[in-house]
Amino acid sequence: MDFVLSPEQRMIYDYGAKVSQSFDHKYWLENARQNRFPEELWRQTAQDGFVGLMVDQAYGGSGLGLFEMALLIEGMSNHGLPLLMYVVGPTMAMGHINQHGTPEQKSRYLPDAAAGTTMFCFAITEPNAGSNAMRIQSVAKANGERFKLNGSKVFITGVDVCDYAVVVARTTPHDQVKRKTDGFTVFILDLKARGVDYQPINMSVVNPELQFTLYFDDVDLGPEDVLGEVDKGFNILFDLLNPERVTVAAMACGIGRFAIEKAVAYTSERVVFDGPIGAYQGVQHPLAAAKTQVELSSLMLRQAAWQFDRGEAAGAAANMAKYAGAEAGIMAVEAALQAHGGNGFTHEYGLYDLYSMARLLRTAPINRELILNYIGERVLGMPRSY
Ligand SMILES: Cc1cc2nc3c(=O)[nH]c(=O)nc-3n(C[C@H](O)[C@H](O)[C@H](O)COP(=O)(O)OP(=O)(O)OC[C@H]3O[C@@H](n4cnc5c(N)ncnc54)[C@H](O)[C@@H]3O)c2cc1C
């Protein structure tokens, strides 16, 4: 792995600095406080060619990899512009269609999605399954060649601004499959289809994207909507796990850097005893320690992305990067918050708002414990509890 970014990669990483001159953190925060999707920023990033970063050039994208997507998300987050939508849409849903879609599906969906004129979300979580995706109960019952989808999903990001969802449903009951990962199918669902409904969930996290419960009532789906093979959805879903972990780590590292930078500026100016408070080691050390953790995590996520793009096993690095990145992000915002004193809790400085976003990433889209289970069981080879 080369530690020096290519000129193109450098440009992608620096894009956050560039776009934040037009859409700064204040813009992000104002939208986040109102739960309003920052569509102007989204449109700008699409026009600049970043929504389709992982989409093949033949379908209107840039044909780049997870490494570049992580650079983009980290760079934007470095400047206070973390967007969950970039994880669920351009990385997970669109990346998935790009990798596993038929030529017809790719031509139908990807050019518009890469141009930012249509948007995708990703729906797997269910109220009664949570972290255990094998327990999902939404059923797409086959009727000849077609399917009727019934059930619900929860915490689905951005349904209100999206046109399509990549949805996982059961197509064969669990007692009729050989392997417990069989019997699931991934569908591309038109969110305007008859029988699809959704309700926003009141969340306490300050972020611009809303979360939704999605309901399916006899939604008609055809073979043209199946992504990959019927009943073999998990085979392709496993490909999504590492990109999700890597891009969440990238976001967490960026949030951490942004908070630390704010704290450095603030504590270099703020004088309450003799000299700026930033000169006190009690203020410096938590920020220095957090900075170290952020940079370590950032290295690990680049390793994971580099392995993934080369087709190598990336699970160990991706899980460690997600764990380390989320913890480093929290540590950094916590240190920055404390360094700001009372001002950290004001609307003007907005750090407490950012804390909710950093803290979210320990739990969602994949929680710390499942990550540690992976490292314990798959990396260390320890016994499984379930
Ligand atoms: C803001 C936000 C956005 C989201 N966006 C999406 C989205 O776009 N699409 C989507 O499909 N989902 C989305 N999710 C859902 C998210 O992936 C789930 O919340 C997450 O996977 C955990 O599921 P759960 O909330 O049901 O928690 P549960 O599964 O009920 O787990 C609760 C807690 O129990 C612990 N736990 C659970 N299992 C284990 C275990 N085996 N070992 C040790 N501890 C364990 C963990 O600490 C966990 O946090 C989002 C969630 C949030 C909050």
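On a predicted model such as this, the values are computed, not experimentally measured, just so you know. (Residues numbered from 1 in each chain as written. Predicted model: local features only at pLDDT ≥ 70, side-chain atom pairs only at ≥ 80, totals over all residues.)

### Here we look at the overall build of the protein
When helices and strands are tallied, the protein shows 11 helices and 10 strands. Rg of the C-alpha trace for the protein: 21 Å, near the compact-globule value of 21 Å for 386 residues, within the 12% margin. Seen along its three principal axes, the alpha-carbon backbone of the protein occupies a region of about 80 × 50 × 40 Å. Relative to its 386 residues, the protein shows a buried fraction of 48%. Expressed as a percentage of contacts within the protein between residues at least 6 apart in sequence, the contacts between residues at least 24 apart total 73%. (Helix = DSSP H or I, 4+ residues; strand = E, 2+ residues; numbered from the N terminus. Rg over C-alpha atoms; globule rule 2.2 N^0.38 Å. Buried ≥ 20, exposed ≤ 12 C-beta atoms within 10 Å, placed from the backbone. Contact = placed C-beta atoms within 7 Å.)

### A closer look at the packing of helix 9 (residues 315-339) against helix 10 (residues 351-363)
Here helix 9 crosses helix 10 at 160°, and the two axes come no closer than 8 Å. Judged by the inter-axis angle, helix 9 sits roughly antiparallel to helix 10. Read as a crossing pair, helix 9 and helix 10 show a hand that is left-handed. Across the interface between the two elements, Ala326, Glu327, Gly329, Ile330, Val333, Ala336 and Leu337 of helix 9 pack against Leu351, Tyr352, Leu354, Tyr355, Ala358, Arg359, Leu361 and Arg362 of helix 10. In the contact of helix 9 with helix 10, the residues fall into 11 nonpolar, one polar and three charged. (Axes fitted to C-alpha atoms, helices over the stretch in contact; angles between N-to-C directions. Parallel < 35°, antiparallel > 145°, perpendicular 65-115°, else oblique. Left-handed = near helix turned anticlockwise from the far one by under 90°. Nonpolar A, V, L, I, M, F, W, Y, C, P; charged D, E, K, R; others polar.)

### Re the site of the ligand
Looking at the ligand, there are 23 residues lining it, with Thr125, Gly130, Ser131, Ala364 and Glu369 nearest. Contributing elements (two or more residues each) for the shell around the ligand: strand 1 (120-123), strand 3 (146-157), helix 10 and helix 11 (368-379). When its residues are assigned to classes, the shell around the ligand shows 14 nonpolar, eight polar and one charged. When residues of the shell around the ligand are sorted by domain, at least three fall in each of domain 2 (122-233) and domain 3 (235-379). (Near = placed C-beta within 6 Å. Domains from an automatic or database assignment.)

### Here we look at the packing of helix 9 against helix 11
Put simply, helix 9 and helix 11 touch, their axes get as near as 9 Å, and they point 145° apart. Crossing of helix 9 over helix 11 shows left-handed handedness. Of helix 11, the residues touching helix 9 (which contributes Gly315, Ala316, Asn319, Met320, Lys322, Tyr323 and Ala326) are Arg368, Ile371, Leu372, Tyr374, Ile375, Arg378 and Val379. Taken together, the residues of the contact of helix 9 with helix 11 break down into nine nonpolar, two polar and three charged.

### A short note on unusual backbone geometry
Looking along the chain, the bond that leaves Ala364 and enters Pro365 is cis, with omega of 0°. One non-glycine residue, Asn35, adopts positive backbone phi at about 50°. The topology assignment puts Asn35 in the loop between helix 2 (25-33) and helix 3 (39-47). Taking the number of C-beta atoms within 10 Å as the measure of exposure, Asn35 has 17 and is therefore partly exposed. Even without a glycine there, the phi angle at Phe155 is positive, about 60°. By the secondary structure assignment, Phe155 is in strand 3.

### Brief notes about the pairing of strand 7 (residues 211-221)
A regular strand carries its side chains on alternate faces of the sheet. Both strand 3 and strand 7 contribute to a ladder of eight bridges, which runs antiparallel. Paired with Leu149 across the two strands is Val219, which belongs to strand 7. Bridge count between strand 6 (residues 196-201) and strand 7: six bridges; the pairing is antiparallel. In the strand pairing of strand 7, Tyr198 is matched with Leu214. (Pairing = 2+ DSSP bridges.)

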